[in-house]
Amino acid sequence: MDGQALTAKELIKKSLEVHDPKGEWATFKDNLVIAQIRPDGKKSERYIHLDNKKNHFNFKAKYPEGELKYAVDKKGARYSWNGDKNISEELKKKYRVSDDRANMYHNYYTYLYGMPMKLSDTGTHISPAVEKVQFKDEDYLKIKVSYDPEVGDDIWYFYFNPNTYELELYQFFHDESKNDGEYILLDGWKHFGQLKLPEKLQWYYNKDDVFLGEDRLIK
């Protein structure tokens, strides 16, 4: 069965057999260290704890003034600065500290590192067609994904290797007619059991291919 004969759901199933053959993402529990590398080469580290079975997320980042922590679980979102829940308005403004920010980090890391497993989440709408395309001179099988409004307004495209069915590229648009949004190249894999998470996420603008930065999974 070639890529054009596959439906999107069949393609996703094949990709899951490569990325998460034992269904480990649903109960994944581990600590991740992620380096954020900016275009100028500056690097900072983020410390993430995921417990997907309990839907529990922890985030920690160190700054010159101190250490910021976020937690998100069934009770909601929380944050602290150097262990203190009472954070000055100056620091809140500088680092955009808020419950919304905590939820954003939770969604960001679980979404980008949880693909293609999270394509089965509630509120996800997968267009049935699979396209054979070239992107930056590479061959891919491409599918289109949209979401319920309460989940997200962006249109996403996912690009799979036509031979291995590995997911190798994400792309999203706020308004596709304007060619806005970004694409994210996946490079390398880290193994947690038989679960494969991307080692590098490299971000670029759709409109001009300007490099925006890299998330690198250190461990």
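Just so it is clear, the structure is predicted and the values come from calculations on it, not from any experiment.

Some details on the pattern of salt bridges
Item 1. Under the defined criterion, the tally for this structure stands at eight salt bridges.
Item 2. A salt bridge links K69 to E67; the nearest nitrogen and oxygen atoms lie 3.9 Å apart.
Item 3. Owing to a relative accessible area of 37%, K69 belongs among the partly exposed residues under this scheme.

Some words on helix α1 (residues 8-19)
Item 1. End to end, α1 covers 16 Å across 12 residues, agreeing with the expected 16 Å (1.5 Å per residue, within 8%).
Item 2. Restricting attention to buried positions, one finds in α1 the residues A8, L11, I12, S15 and H19. Axial view of α1: buried residues confined to an arc of 100 degrees, hence all on one face. Seen from the open side of α1, the exposed residues pointing more than 90 degrees away from its buried face are K9, K13 and E17.
Item 3. On the buried face of α1, the contacting elements are β6 (124-126), β8 (138-147), β9 (155-160), β10 (167-173), β11 (182-192) and β12 (195-205).

Quick notes on the pairing of β8
Item 1. For β6 and β8, the ladder comprises three bridges, and the chain directions are antiparallel. Considered in β8, the bridge of H125 is made with S146.
Item 2. Across five bridges, the pairing between strand β7 (residues 131-135) and β8 is antiparallel. Within β8, the position partnered with V133 by the bridge is Y140.
Item 3. The loop that links β7 with its antiparallel partner β8 comprises two residues; one of these, K136, has a positive phi angle of about 55 degrees.
Item 4. Judged from the five bridges that link them, β8 and β9 form a sheet pairing that is antiparallel. Counted as the bridge partner of V145 is W156 from β9.

Thoughts on the packing of aromatic side chains
Item 1. By the definition in use, this model includes 26 aromatic pairs.
Item 2. For the pair Y63 and W81, a centre-to-centre distance of 6.1 Å together with 10 degrees between the ring planes defines the contact as stacked. Residue Y63 is located in strand β3 (residues 56-63), and its partner W81 is located in strand β5 (residues 76-81); the two are separated by 18 residues in the primary sequence.
Item 3. Arranged with centres 5.4 Å apart and planes meeting at 55 degrees, the rings of F135 and Y159 form a pair that is tilted. Separated by 24 residues along the polypeptide, F135 in strand β7 and Y159 in strand β9 bring together distant segments of the chain.
Item 4. A residue is classified by how much of its surface remains accessible, and F135, at 13% relative accessible area, is buried.
Item 5. In this structure Y159 comes out as buried when scored by relative accessible area, which is 2%.
Item 6. Taken together, F57, F59, Y70, Y79, Y105, Y108, Y109, Y113 and W203 form an aromatic cluster joined through their ring pairs.
Item 7. Directly above the aromatic system of Y47 lies the positively charged group of K60, at a separation of 5.1 Å from the ring centroid.
Item 8. Over the face of the ring belonging to Y157 we find K142, whose NZ or CZ atom lies 4.3 Å from the ring centre.

Cut-offs and rules
- Residues numbered from 1 in each chain as written.
- Predicted model: local features only at pLDDT ≥ 70, side-chain atom pairs only at ≥ 80, totals over all residues.
- Heavy atoms only, no water.
- Salt bridge = Lys/Arg side-chain N within 4 Å of Asp/Glu carboxyl O.
- Buried < 20%, exposed > 50% of the residue type's maximum accessible area, 1.4 Å probe, protein only.
- Helix = DSSP H or I, 4+ residues; strand = E, 2+ residues; numbered from the N terminus.
- Expected span 1.5 Å × (residues − 1).
- Arc of directions from axis to C-beta.
- Contact = heavy atoms within 4.5 Å.
- Pairing = 2+ DSSP bridges.
- Phe/Tyr/Trp six-rings, centres within 6.5 Å; stacked < 30°, edge-to-face > 60°.
- Lys NZ or Arg CZ within 6 Å of the ring centre and 35° of its normal.

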